Amino acid sequence: MITAIVFVQVKSDQIPEVAEQIAAVDGVSEVYSVTGQIDLIVIVRVRSFDAVADIISDRISKVPGVIDTTTHLAFRAYSQHDLDATFSLGAGD
């Protein structure tokens, strides 16, 4: 599974509408409105790099109101859930 974190800049008066349209795109698992220099953080989870390119270049970037996107690909996950599972493997032996 490939996870991409996409920072999206949006026309300020269209953030809720753009977020809803992006959330409806297949492969998008989460959309967050955030403070700071970007407006939305989008989490994309797909099986191939081609799918990442399709979702970001052909779908998200073309939503009316999107100004710019910056994409970051995740190498590893270090969530608390993943860490708990890792450290519990040897428990009880």
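You'll find the structure just up there.
We now turn to the structure provided with this report. Fair warning: this is a prediction, and the values are worked out from it, not measured in the lab.

**A short note on the environment of Phe7**
Part 1 of the argument: As for its placement among the helices and strands, Phe7 is situated in strand S1 (residues 2-10).
Part 2 of the argument: Sequence spacing of Phe7 and Ile43 is 36 residues, and the spatial spacing of their C-alpha atoms is 9.1 Å.
Part 3 of the argument: When sequence neighbours within four positions are dropped, the list of residues in contact with Phe7 reads Ile38, Leu40, Ile41, Asp68, Thr69, Thr70 and His72.

**A closer look at the pairing of strand S3 (residues 40-46)**
A regular strand places its side chains on the two faces of the sheet in alternate fashion.
Part 1 of the argument: In terms of burial, S3 is largely enclosed, as 5 of its 7 residues are buried.
Part 2 of the argument: Bridge analysis of S1 against S3 gives 7 bridges, and the strand direction is antiparallel. Its bridge partner lying in S3, Thr3 is registered against Arg45.
Part 3 of the argument: Relative to S3, strand S2 (residues 28-33) runs antiparallel, the two sharing 5 bridges. Within S3, the position partnered with Tyr32 by the bridge is Ile41.

Cut-off values and rules
Residues numbered from 1 in each chain as written. Predicted model: local features only at pLDDT ≥ 70, side-chain atom pairs only at ≥ 80, totals over all residues. Heavy atoms only, no water. Helix = DSSP H or I, 4+ residues; strand = E, 2+ residues; numbered from the N terminus. Contact = heavy atoms within 4.5 Å. Buried < 20%, exposed > 50% of the residue type's maximum accessible area, 1.4 Å probe, protein only. Pairing = 2+ DSSP bridges.

Taken by themselves, the reported measurements are silent on function.
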